[in-house]
Amino acid sequence: MQTMKLATKLIHAGQEPDPSTGAIMTPIFQTSTYVQASPGQHKGYEYARSQNPTRTALEACLAEIENAAFGLSFGSGVAATDAVLKLLSPGDEVIASEDMYGGTYRLFTKVFEKFGIKFHFVPLHTPGALLPFINEKTKLVWAETPTNPLMNITDIAALSEVCKAHKILLCVDNTFASPWLQSPIDHGADLVMHSGTKYIGGHSDVVHGCLMMNDHELREKLYFIQKSSGAIPGPMDCFLILRGLKTLHVRMQAHCSNGKTVAHFLHNHPKVARVYWPGFEDHPNHAVAKKQMRDFGGMMSIELKKPGMEAAHNMLRSTRLFALAESLGGVESLINHPATMTHASIPHEERLRIGISDGLIRLSVGIEDVEDLLADLEAGLNNV
Ligand SMILES: *Cc1c(COP(=O)(O)O)cnc(C)c1O
């Protein structure tokens, strides 16, 4: 089983037929507690906040698909992020990507700043940009790559060298790439975080988050936080994620293929000024994307030639297949307005400074027939 390729691991890792029935799918162990033969004599399961067999299977699978030794599963992506931040103490400092998921920014600035943790938001995709911010209090670098929504790419291997030299923990939010497109641990990251809500689940029907790591001591610390803070996923959610994972590779190949076609269509469209997608050779970090990603994915953002909120809203109101909604990574295409939706929690000035304009539109290209998607975008652009 050591030599399984990723597509095989996605379907089989961590899962055995259920010993009591032979059920090929891991059952949903909908239980809160486990009967003990005598006090302390049990099969590794005591209370379901600490352990659940559906979650055990999922955590083992998640570890393997990120080439990690350990996986931990949480009730949401931000719950997984929250657990990582709880490794820190007042006075510690964090360096994080400048444009990143708005909810991560909110958790850092509105929840953890209050507890005495200091955050520096830096364009991590610019080599060396973090160096002036490193001091003896720096304990964590939080890198999102590709970033949400500007699709900036950070060189994970180069960043990991800097972090290792300064004994700083490096966590990569791998949500946009998914385990199919990028393996941060292979490039030297200490921790990988995912919002399983997105590509991993893939069907817009479950909220989930996870962490993967190699270091046993780090796993023990994070497991202690997981069970002590209790932000665990339910067994049904674990089942849905296991089920989603089984088609991740097939879905991702379709997302990448449709993404490429849509990106080129928009790039050549007279009403579109700019397409942010790492597959273009003139993307500022294209070479890094090519080095560390297996393909370029189905996430992209665009600027219309007509600037401002109103033109963007005209497009957002007129697509049909591209549904106007937050979230991403599901089989269905979504369109989003970062300034008023996913990134509304970032102050206006700060948003403009990092390049998230009022007119920016983000697309999550689904796996519908690409001809239908192009026709839908054409209709949307006609209304601008
Ligand atoms: C959605 C998302 C998160 C947060 O995950 P939830 O499952 O919504 O809590 C974190 N990072 C990125 C890049 C995301 O897209």
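The structure this text deals with has already been given above.
### Details of helix α13 (residues 370–382)
Then, in step 1: Taking 1.5 Å as the rise per residue, α13 with 13 residues should run 18 Å; its terminal C-alpha atoms sit 18 Å apart, in good agreement.
Then, in step 2: Those residues of α13 not exposed but buried are Val 370, Leu 373, Leu 374, Asp 376, Leu 377, Gly 380 and Leu 381. Relative to the axis of α13, the buried residues are bounded by an arc of 160° and lie together on one face.
Then, in step 3: Along its buried surface, α13 packs onto α9 (248–267), β8 (272–276), β9 (299–304), α11 (309–318) and β12 (361–364).
Then, in step 4: For α13, the N-terminal cap is Asp 369; the gap from its side-chain oxygen to the backbone nitrogen of Glu 371 is 2.9 Å.

### A closer look at the sheet that holds β8
Then, in step 1: Judged by pairing direction, the sheet is mixed, and its 5 strands sit side by side in the order β8-β9-β12-β11-β10 without closing on themselves. Looking at which strands have only one partner, the edges of the open sheet turn out to be β8 and β10 (323–324).
Then, in step 2: Relative to β12, strand β11 (residues 334–336) runs antiparallel, the two sharing 3 bridges. Residue pairing in the sheet places Ile 335 in a bridge with Leu 363 of β12.
Then, in step 3: Running over the sheet, α11 touches β9, β10, β11 and β12 and is turned about 130° from β9.

### A word on the sheet that holds strand β1 (residues 70–74)
Then, in step 1: Overall, mixed pairing links the 7 strands, which are arranged β1-β7-β6-β5-β4-β2-β3 in an open sheet. Each edge of the open sheet carries a strand with a single partner, namely β1 and β3 (118–122). Adjacent strand axes in the sheet meet at a mean angle of 20° when their direction is disregarded.
Then, in step 2: Two elements, strand β2 (residues 93–97) and strand β4 (residues 138–144), share 4 bridges in a ladder whose sense is parallel. Counterpart to Val 94 in the pairing with β4 is Leu 140.
Then, in step 3: Sheet strands touched by helix α2 (residues 53–65): β1 and β7 (209–213). Its angle to β1, the strand with the most contacts, is close to 125°.
Then, in step 4: The sheet strands contacting helix α5 (residues 156–165) are β4 and β5 (169–173), and the helix crosses β5 at an angle near 155°.

What counts, and at which threshold
- Residues numbered from 1 in each chain as written.
- Predicted model: local features only at pLDDT ≥ 70, side-chain atom pairs only at ≥ 80, totals over all residues.
- Heavy atoms only, no water.
- Helix = DSSP H or I, 4+ residues; strand = E, 2+ residues; numbered from the N terminus.
- Expected span 1.5 Å × (residues − 1).
- Buried < 20%, exposed > 50% of the residue type's maximum accessible area, 1.4 Å probe, protein only.
- Arc of directions from axis to C-beta.
- Contact = heavy atoms within 4.5 Å.
- Polar contact = N/O pair within 3.5 Å; in protein donor to acceptor, adjacent residues only side chain to side chain.
- Pairing = 2+ DSSP bridges.
- Axes fitted to C-alpha atoms, helices over the stretch in contact; angles between N-to-C directions.

Just distances and angles here, no functional claims.
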